[in-house]
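What follows is the residue order along each chain.
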Amino acid sequence: LERMKKGLPTKQRIEGIKQVIAVASGKGGVGKSTVAVNLALAVASLRRKRVGVLDADIFGPSIPRLMNLKGEPNMTDKGQLIPLTNYGVKCMSIGFLVPEEDSPVVWRGLMVMKALQQLIHQVFWDELDLLVIDMPPGTGDVQLTITQQVVLDGAVIVSTPQDIALIDAKKGANMFKKVKILGIVQNMSIFICPSCQHQTHIFGNDGVSKVAKEMDLKMLGDIPLHTEICELSDRGQPIVISKPDSIQAQYYKNIAQKI
Ligand code: ADP
């Protein structure tokens, strides 16, 4: 009501979408987008659901590269953006809307918010069972706006072992207070040697689950550092699609079963 009085948009369900899940992280580079994409693909292929991915990482959109998509979205008669589709998953990203040289990094706040409003409210998803929102890292204005304007059914947090303390520190931030956290995915804690399969716990092996327990967060998965995950992502062929029967893909599929 307070927001209505001030003329601010109120929280609403995105039309036609049954479940909305945000994938968030305390900082960049921890594998958040990789989890978002593989999770979306796993739900679409395993559970035969209609799935979309909204790339809300306005300053560093990686969905176009990960999903091997580029080009300008068409518009509906009503001026809504039509998502681009690959591997059976619909995607929308600021990366489709502005050329790389016109990077939002140098935009003023107002332009960023305008673009965000368009991504949140003016995309023609049609009917979806699940929308995965790839959030920007951290807990800034963009994240807060999303939690204030979109009904989120839950958030999945991605962290590497050395950054988990960051999540703990930020748990008090507004964004996390407003959203139900479904659990945490630990990424890159174990390195599996591709030639001899030897496993190395690069940052120790029990710290994270202990911290997660202290923070009262469920562990949704523990994904090793594996060169193939990185290489295939860079080629725009996420592992869940290109090597669906690999152990690596299975980690993401397991998370998909839990949400
Ligand atoms: P974020 O969205 O948190 O910034 P990304 O998903 O873009 O992170 O991942 C950062 C980099 O790490 C990418 O090059 C990605 O391919 C790589 N990466 C992510 N998860 C793994 C993993 N489990 N093993 C190897 N490389 C990974």
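What comes next concerns the included structure. As the structure is a prediction and not an experimental result, all values here were calculated from the model.

1. Notes on the site of the ligand
In step 1: Around the ligand sit 18 residues in total, of which Gly31, Lys32, Ser33, Thr34 and Cys230 are the nearest.
In step 2: Of all the secondary-structure elements, those providing two or more residues to the shell around the ligand are α2 (32-46), β7 (181-192), β9 (219-225) and α10 (227-234).
In step 3: Of the residues that constitute the shell around the ligand, the class distribution is seven nonpolar, 10 polar and one charged.

2. Section: unusual backbone geometry
In step 1: A positive phi angle, near 50°, is found at arginine 48, a position not held by glycine.
In step 2: Residue position: arginine 48 is located in the loop between α2 and β2 (51-55).
In step 3: A positive phi angle is found at asparagine 68, which is not glycine, with a value near 55°.
In step 4: With respect to the secondary-structure elements, asparagine 68 resides in the loop between α3 (63-66) and β3 (84-86).

3. Quick notes on the environment of alanine 36
In step 1: Relative to the elements of secondary structure, alanine 36 occurs in helix α2.
In step 2: C-beta crowding within 10 Å serves as the criterion here: with 29 such atoms nearby, alanine 36 is assigned to the buried category.
In step 3: In the structure, alanine 36 is positioned 119 residues away from alanine 155 in sequence and 11 Å away in space, judged by C-alpha atoms.
In step 4: Among residues more than four places away in sequence, those in contact with alanine 36 are Val23, Val53, Val132 and Asp134.

4. Remarks on α2
In step 1: The end-to-end C-alpha distance of α2, which contains 15 residues, comes to 21 Å, matching closely the 21 Å that a straight helix rising 1.5 Å per residue would cover.
In step 2: A large share of α2 lies buried, amounting to 13 of its 15 residues.
In step 3: Among the residues trailing α2, arginine 48 stands out with phi positive, at a value near 50°.

Reading the values: the criteria
- Residues numbered from 1 in each chain as written.
- Predicted model: local features only at pLDDT ≥ 70, side-chain atom pairs only at ≥ 80, totals over all residues.
- Near = placed C-beta within 6 Å.
- Helix = DSSP H or I, 4+ residues; strand = E, 2+ residues; numbered from the N terminus.
- Nonpolar A, V, L, I, M, F, W, Y, C, P; charged D, E, K, R; others polar.
- Buried ≥ 20, exposed ≤ 12 C-beta atoms within 10 Å, placed from the backbone.
- Contact = placed C-beta atoms within 7 Å.
- Expected span 1.5 Å × (residues − 1).

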